[in-house]
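One-letter residues, chain by chain:
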Amino acid sequence: MSPVIRKHADVVAILHAPEAWSNQVSSHLNVPNGMDAPEHTRYRKLIEPFFDAQTLHRFEPVLKQLVTRLFRDLPEEFHVESELAYPFALQAQCAFMGWPRELEAALLQWIQRQKKASAAGDRETMRQLAAEFSQLMVAEFNRARSGEYPGDSVTSRLVHLSIEGEPLSDEYLVSIVRNWTVGELGTIANAVTAIVNFLQANNVVRKQLQQATEHIDHAVDEILRFNAPLASNRRRAVCPMHMRGQAVEADTVVTLDWGAANTDPEVFEQPHQFRWDRDPRDNLLYGAGIHVCPGAPLARLELRVFTQALLSHKTRSPAHASP
Ligand code: HEM
């Protein structure tokens, strides 16, 4: 069993010592999260511009439009996760990539089959699903290469990436996109579910935000601090060492438990309470160190636009929704 790191101080120490704690924890290609420096640095530099202010500025009206449509078409009674959170996450990620809406249904089906196979530990089906995902993606890459996508779309920009003059292989591109889309869907959907449930149960914060929407980012980060949308990530010890007086052998793989670290009572007084006055620097929602989430500006934009729409939505409250 992989040791689980739950204390905030220990997680922070590991995140800031990438030379001692490697991200190479699996034989599967994972760009850039499964890489260490200097390879990690090269790929990280390639992907960061996809989350810059200009890209997000261009994406914002598209996002607002899809959120408006989603709330407009929401039945009076709805199930938060399946009728609001997943559709939002899926539509937002597809729109960000610039993909046609037809792809949403194929991806949703893929995710449902993947969840089932993963819960059953069915490795053969998971291998097959990975191959199907690659096929779906390579088809879009080829469409982008033949000019079917606008030149400034994220997918077009991706297929034109190169390192030291060499274009990225489809294998690397698929790995990057897997992380941005199906890899993040669950996280965004969990975040949306947590926000809806929290604001449903907390009238005071809801009213404060309705009157001062500029505080949405701050409030969302605090809500998600104690409702971790992402469970964990892993690290591998590069050399033998000691942690809290315990010997750790080289190659030990540990699990960083984001939810536990972000509710560590040594750092957060009344850790499961929403508080406006906490120091945002203690919040590990998006990680820290060289692997800190590069998609955080996109995630914050998506959650802000979603929360703005939620706060002004008038239909029956989701707490009464049928499953
Ligand atoms: C609420 C939403 C999100 C949360 C809570 C979240 C959280 C995190 C965390 C904690 C890490 C650090 C992992 C580690 O240290 O091993 C991370 C890394 C990463 N995230 Fe996010 N993330 C979110 C959304 C996104 C989105 C929307 C994207 C892209 C579309 C994204 C792309 C990535 C990538 C590529 C990495 C790996 C970075 C690296 O290894 O250098 N994330 N995320």
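All residue numbers refer to positions counted from 1 along the written sequence of the respective chain. In view of the model being predicted, local features appear only for residues whose pLDDT reaches at least 70, and side-chain atom pairs are presented and counted only at 80 or more, with totals across whole chains, interfaces and linings using the full set of residues. Here the side-chain values reflect all heavy atoms present in the structure, with hydrogen atoms and water set aside.

A.B. asks: Tell me about the nonpolar core, residues and numbers included.
C.D. replies: Among buried residues, those of type Ala, Val, Leu, Ile, Met, Phe, Trp, Tyr and Cys that are joined through side-chain atoms within 4.5 Å constitute a nonpolar core. Only protein chains enter the area calculation, which uses a 1.4 Å probe; residues under 20% of their type maximum are buried, those over 50% are exposed, and those in between are partly exposed. Grouped together as the largest cluster of nonpolar side chains are 82 residues, with contacts concentrated most on Phe88, Leu158 and Trp180. It only takes one pair of heavy atoms within 4.5 Å for two residues to be counted as in contact. Tryptophan 180 has contacts with Ile47, Phe50, Phe51, Gln93, Phe96, Met97, Val154 and Leu158, leaving out every residue within four places of it along the chain. Counting residues in each nonpolar core, the second largest holds 17 residues, with Ala20, Ala237, Met243 and Val254 among its members.

A.B. asks: Please set out the site of the ligand residue by residue, giving values where relevant.
C.D. replies: A molecule or strand has a residue near it when one of that residue's heavy atoms lies within 4 Å. Neighbouring residues of the ligand: 28 residues in total, closest His40, Arg44, Arg235, His291 and Cys293. Here arginine 44 contributes a side-chain N or O atom positioned 2.8 Å from an oxygen atom of the ligand. In protein, a polar contact requires one atom able to donate a hydrogen and another able to accept it; more generally it is a pair of N or O atoms within 3.5 Å, and residues adjacent in sequence count only if both atoms are side-chain atoms. Asparagine 233 places a side-chain nitrogen or oxygen 3.5 Å from an oxygen atom of the ligand. Elements are defined by DSSP. Helices are runs of H or I of four residues or more, strands are runs of E of two residues or more, and each kind is numbered from the N terminus. If you list the elements that add at least two residues to the shell around the ligand, you get helix 2 (39-47), helix 8 (170-180), helix 9 (182-201), strand 5 (232-237) and helix 13 (296-311).

A.B. asks: Tell me about the pairing of strand 5, and name the residues and values.
C.D. replies: In this analysis, strands are considered paired if DSSP registers two or more bridges between them. Note: strand 2 (residues 21-22) against strand 5, 2 bridges, orientation antiparallel. Looking at strand 5, one finds that tryptophan 21 is bridged to alanine 237. Here 5 bridges tie strand 5 to strand 8 (residues 253-257), and the two strands are oriented antiparallel to one another. Residue pairing across strands places arginine 234 opposite threonine 255, the latter belonging to strand 8.

A.B. asks: Which residues make up the side chain of asparagine 262, and what values do they have?
C.D. replies: Tracing the chain through its elements places asparagine 262 in the loop between helix 12 (258-261) and helix 13. Since its relative accessible area comes to 2%, asparagine 262 is described here as buried. Leaving out residues up to four positions away in the same chain, asparagine 262 has contacts with Arg225, Phe268, Asp282, Asn283, Leu284 and Leu285.

A.B. asks: How would you sum up the environment of glutamine 270? Please name residues and give values.
C.D. replies: Here glutamine 270 lies in the loop between helix 12 and helix 13. We classify glutamine 270 as partly exposed; its relative accessible area is 47%. Those residues in contact with glutamine 270 that lie beyond four places of it in its chain are Arg275 and Arg278. Polar contacts involving the side chain of glutamine 270 include one to the side chain of arginine 275, which spans 3.4 Å.

A.B. asks: Report on the confidence of the model for the chain, specifying residues and quantitative values.
C.D. replies: Looking at the chain as a whole, the pLDDT averages 94, with 97% of positions reaching at least 70. You can read pLDDT as the predictor saying how much it trusts each residue, on a scale of 0 to 100. Predicted confidence is poor over residues 319-323, with pLDDT under 50, and the contacts of this stretch with residues over four places away or in other chains come to 8 contacts.

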